[in-house]
Amino acid sequence: MSGGFLSGIPQATAWLEAVEIRRSRRSYDGRRPDRDALATLQAHCNAFGPFPAARVVLLPEAPQSLFLGIVGSYGGISRAPSALAFIGRSAESGVEAAVGYTGEAAVLEATRLGLGSCWVGGFFNASKGARFAGAQPGERVFAVSPLGYPEARVGAKERIVYGVGRPKARKGIEEFAPGAGSWPAWAQAAAAAVQVAPSAMHRQPWMLRMDSGSLVIGCSGPDTPKVSKRLDCGIAMLHAELGALGTGVSGEWELLTGDDVGRFTPR
């Protein structure tokens, strides 16, 4: 199974810029996203499907009950008027990575359009998500994201509980990509883009290596409860491809099995 080819996406350059400015936000001001922004995001969700096993559904009106969280709270998500649902065919090989890749493209498109978001993979109401998003038999909602305009001021709860507004410890590139300093420029740029990819509980489970001119992304460490580390690595795959594209290099992904998740081969 293969996919990718961002070179044909006009907004891919803007997505690379969005990689640097996107921040997970959980508190929103309640305003419904601009109609034109929603229409553009809907068009993206309809058109962008590099992996047949994964898709993203835009929910222009999302009930607060979708974000069911810890001990009956709502996952720290407040006043988000809209949402994204990240859906995959649960029996397909490589589906988690496909969902991560496809979903992160929608998140970065939302960022480009001035909207806030936050990957929520563990604490949301999966049955409501499936119903609202129109999941088909054999499909599963792997994660959701609130969507809207974040509160201008980061509240105390976001700062204290979720760490919003303060720098998060990022692994050094050599920690997850040993020897990257001697890689081709496109692969170094890919690793730099992976370094800022979001992940569940900020675990950063990816490991990168070069193999016969291709970049391989693998995963390490345990899964976070309810969230596969392969989904995180799918997010990293998109970041890697965007980083490479920023140097003028495009290519194709092959989804892998075992500890390896995806192989990017430049064209």
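In this text, all values refer to a predicted model and were calculated from it rather than measured experimentally. (Residues numbered from 1 in each chain as written. Predicted model: local features only at pLDDT ≥ 70, side-chain atom pairs only at ≥ 80, totals over all residues. Heavy atoms only, no water.)

### Considerations on the overall build of the protein
At step 1: Looking only at helices and strands, the protein features eight helices and nine strands.
At step 2: Going through the 267 residues of the protein one by one, you find that 52% of them count as buried.
At step 3: Expressed as a percentage of contacts within the protein between residues at least 6 apart in sequence, the contacts between residues at least 24 apart total 73%.
At step 4: Surface accessibility of the protein: about 11500 Å² in total, with carbon and sulfur atoms responsible for 53%. (Helix = DSSP H or I, 4+ residues; strand = E, 2+ residues; numbered from the N terminus. Buried < 20%, exposed > 50% of the residue type's maximum accessible area, 1.4 Å probe, protein only. Contact = heavy atoms within 4.5 Å. Areas by Shrake-Rupley, 256 points an atom, 1.4 Å probe, with all protein chains shown as cover.)

### Observations regarding the pairing of strand S5 (residues 139–148)
At step 1: Taking burial as the measure, the ten residues of S5 include nine buried ones, the bulk of the element.
At step 2: Bridging between strand S3 (residues 82–89) and S5 involves eight bridges; their strand directions are antiparallel. Opposite leucine 84, over in S5, you have serine 145 as the bridge partner.
At step 3: One ladder, built from two bridges, connects strand S4 (residues 116–117) with S5; its direction is antiparallel. (Pairing = 2+ DSSP bridges.)

### Things to note about the packing of aromatic side chains
At step 1: Enumeration according to the criterion identifies six aromatic pairs in this entry.
At step 2: Relative to tyrosine 101, the ring of phenylalanine 51 lies with its centre 5.2 Å away and its plane at 90°, an arrangement referred to as edge-to-face. One end of the pair, phenylalanine 51, is in the loop between helix H2 (35–47) and strand S2 (54–59); the other, tyrosine 101, is in helix H3 (residues 95–112), and 50 residues separate them in sequence.
At step 3: By relative accessible area, phenylalanine 51 is classed as buried at 1%.
At step 4: The class of tyrosine 101 is buried, set by a relative accessible area of 0%.
At step 5: Their ring planes at 25° and their centres at 4.2 Å tell us that phenylalanine 86 and tryptophan 119 sit as a pair that is stacked. With a gap of 33 residues between them, phenylalanine 86 in strand S3 and tryptophan 119 in the loop between S4 and helix H4 (126–133) connect regions that are remote in the sequence. Per residue, the accessibility class of phenylalanine 86 equals that of tryptophan 119, and both read buried.
At step 6: Clustering of aromatic rings is evident, with ring pairs tying together Trp15, Phe48, Phe51 and Tyr101. (Phe/Tyr/Trp six-rings, centres within 6.5 Å; stacked < 30°, edge-to-face > 60°.)

### Some thoughts on the confidence of the model for the protein
At step 1: The share of residues in the protein with pLDDT of 70 or more is 90%, and the mean pLDDT across the chain is 91.
At step 2: Counted against residues more than four places away or in other chains, residues 70–74, with its pLDDT under 50, gives nine contacts. (pLDDT = per-residue confidence, 0-100.)

### Observations concerning the environment of cysteine 45
At step 1: Relative to the helices and strands, cysteine 45 is located in helix H2.
At step 2: Looking at cysteine 45, the relative accessible area reads 10%, which means it is buried.
At step 3: Leaving out residues up to four positions away in the same chain, cysteine 45 has contacts with Val56, Leu58 and Leu84.

### Topic: the pattern of salt bridges
At step 1: Per the counting criterion, the structure on display carries eight salt bridges.
At step 2: Aspartate 232 is paired through a salt bridge with arginine 203; the nearest N and O atoms lie 2.5 Å apart. Here the residue aspartate 232 occupies a position in helix H8 (residues 229–245), and arginine 203 occupies one in the loop between helix H7 (185–195) and strand S6 (206–211), the gap between them amounting to 29 residues. Grouping residues by exposure puts aspartate 232 and arginine 203 together as buried. (Salt bridge = Lys/Arg side-chain N within 4 Å of Asp/Glu carboxyl O.)

### Here we look at unusual backbone geometry
At step 1: Despite not being glycine, arginine 79 has its phi angle at roughly 60°, a positive value.
At step 2: Structurally, arginine 79 is set in the loop between S2 and S3.
At step 3: You will see that histidine 202, though not glycine, has its phi angle at about 55°, which is positive.
At step 4: Position of histidine 202 relative to the elements: it lies in the loop between H7 and S6.

### Here's the deal with empty space enclosed by the protein
Any empty space left between the atoms is revealed when a probe the size of a water molecule rolls over them.
At step 1: The final tally for this structure, using the stated rule, is one cavity of 30 Å³ or more.
At step 2: Taken together, Glu96, Arg140, Phe142, Lys226, Val227, Ser228 and Leu231 form the lining of the largest cavity.
At step 3: For the lining of the largest cavity, the per-class residue count stands at three nonpolar, one polar and three charged. (1 Å grid on protein atoms, 1.4 Å probe; cavity = no way out; pocket = protein on both sides within 12 Å on 5 of 7 lines; lining within 4 Å. Points joined across faces, edges and corners; volume = space filled by probe spheres on them. Nonpolar A, V, L, I, M, F, W, Y, C, P; charged D, E, K, R; others polar.)

### Thoughts on the packing of H7 against H8
At step 1: Relative orientation of the contacting elements H7 and H8 amounts to 140°, with a least axis distance of 7 Å. Judged by the inter-axis angle, H7 sits oblique to H8. The interaxial crossing formed by H7 with H8 has right-handed handedness. Side by side, H7 and H8 meet where Trp186, Ala189, Ala190, Ala193 and Val194 of the first sit next to Ala236, His239, Ala240, Gly243 and Ala244 of the second.
At step 2: Grouping the amino acids of the contact of H7 with H8 by side-chain chemistry returns eight nonpolar, two polar and no charged. (Axes fitted to C-alpha atoms, helices over the stretch in contact; angles between N-to-C directions. Parallel < 35°, antiparallel > 145°, perpendicular 65-115°, else oblique. Left-handed = near helix turned anticlockwise from the far one by under 90°.)

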